[in-house]
Amino acid sequence: MIEREDQQVHMIPIDQIRILNPRSRSKVKFKQIVDNIGRVGLKRPVTVARLGEAEYLLVCGQGRLEAFKAH
């Protein structure tokens, strides 16, 4: 996945991202996000905050992150 830090984009491993307060979405909306990622890729990065050397906290983009994993 991607980390934005001071307007910079970095690739980071998905397994290093923690979701603190997960939200549920409708299955229809989730499928739409998965299908869109399949067609055009992940065009908008998720936003994370660094917690440690190899750990990040998801700030924004839970739906995209989970859809990317499911893709």
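Each remark here, short or long, concerns the structure printed above.
Trainee: Let's hear about the overall build of the protein: which residues, and what values?
Mentor: Within the protein, the regular secondary structure consists of 2 helices and 5 strands. When its helices and strands are written in sequence order, the protein yields β-β-β-α-β-β-α. Computed over the C-alpha atoms, the radius of gyration of the protein is 12 Å, within 12% of the 11 Å expected from 2.2 N^0.38 for a compact globule of 71 residues. The dimensions of the protein, computed from C-alpha atoms along their principal axes, are 35 × 25 × 20 Å. When burial is assessed residue by residue, the protein has 28% of its 71 residues classed as buried. Long-range pairs, those at least 24 residues apart, make up 60% of the contacts in the protein with a sequence separation of at least 6.

Trainee: Before we move on, can you summarise the sheet that holds strand S4 (residues 47-52) with the specific residues and values?
Mentor: Spatially, 3 strands are ordered S3-S5-S4 in an open sheet, and the strand pairing comes out mixed. Two strands in the sheet have a free side with no partner beyond their single neighbour: strand S3 (17-18) and S4. When S4 meets strand S5 (residues 55-60), the two strands line up antiparallel, connected through 5 bridges. By the bridge assignment for S5, Thr 47 is matched with Cys 60.

Trainee: Give me the pairing of S5: which residues, what numbers.
Mentor: Side-chain direction in a regular strand flips from residue to residue, so the side chains alternate between the two faces of the sheet. The pairing of S3 with S5 spans 2 bridges and is parallel. Bridge pairing in S5 links Ile 17 to Tyr 56. The antiparallel hairpin formed by S4 and S5 contains 2 residues in its connecting segment.

Trainee: Explain helix H2 (residues 62-70) to me, and be specific about the residues and the numbers.
Mentor: Inspection of H2 places Gln 62, Gly 63, Arg 64, Leu 65 and Ala 67 among the buried residues, and these make up the whole buried set. Considering only its buried residues, H2 is in contact with S3, helix H1 (27-40) and S5.

Trainee: Outline the layout of surface pockets, listing residues and values.
Mentor: Quantified by volume, the largest pocket comes out at close to 200 Å³. Along the walls of the largest pocket sit Lys 29, Gln 32, Ile 33, Asn 36, Ile 37, Gly 41, Leu 42, Lys 43, Arg 44 and Arg 64, which together make up its complete lining. The element best represented in the lining of the largest pocket is H1, accounting for 5 residues. Each residue belonging to the lining of the largest pocket can be placed in one class, and the counts come to 3 nonpolar, 3 polar and 4 charged. Considered as a void within the structure, the second largest pocket measures approximately 180 Å³ in volume.

Rules of the game
Residues numbered from 1 in each chain as written. Predicted model: local features only at pLDDT ≥ 70, side-chain atom pairs only at ≥ 80, totals over all residues. Heavy atoms only, no water. Helix = DSSP H or I, 4+ residues; strand = E, 2+ residues; numbered from the N terminus. Rg over C-alpha atoms; globule rule 2.2 N^0.38 Å. Buried < 20%, exposed > 50% of the residue type's maximum accessible area, 1.4 Å probe, protein only. Contact = heavy atoms within 4.5 Å. Pairing = 2+ DSSP bridges. 1 Å grid on protein atoms, 1.4 Å probe; cavity = no way out; pocket = protein on both sides within 12 Å on 5 of 7 lines; lining within 4 Å. Points joined across faces, edges and corners; volume = space filled by probe spheres on them. Nonpolar A, V, L, I, M, F, W, Y, C, P; charged D, E, K, R; others polar.

Purely spatial values, then, with no claim about function.
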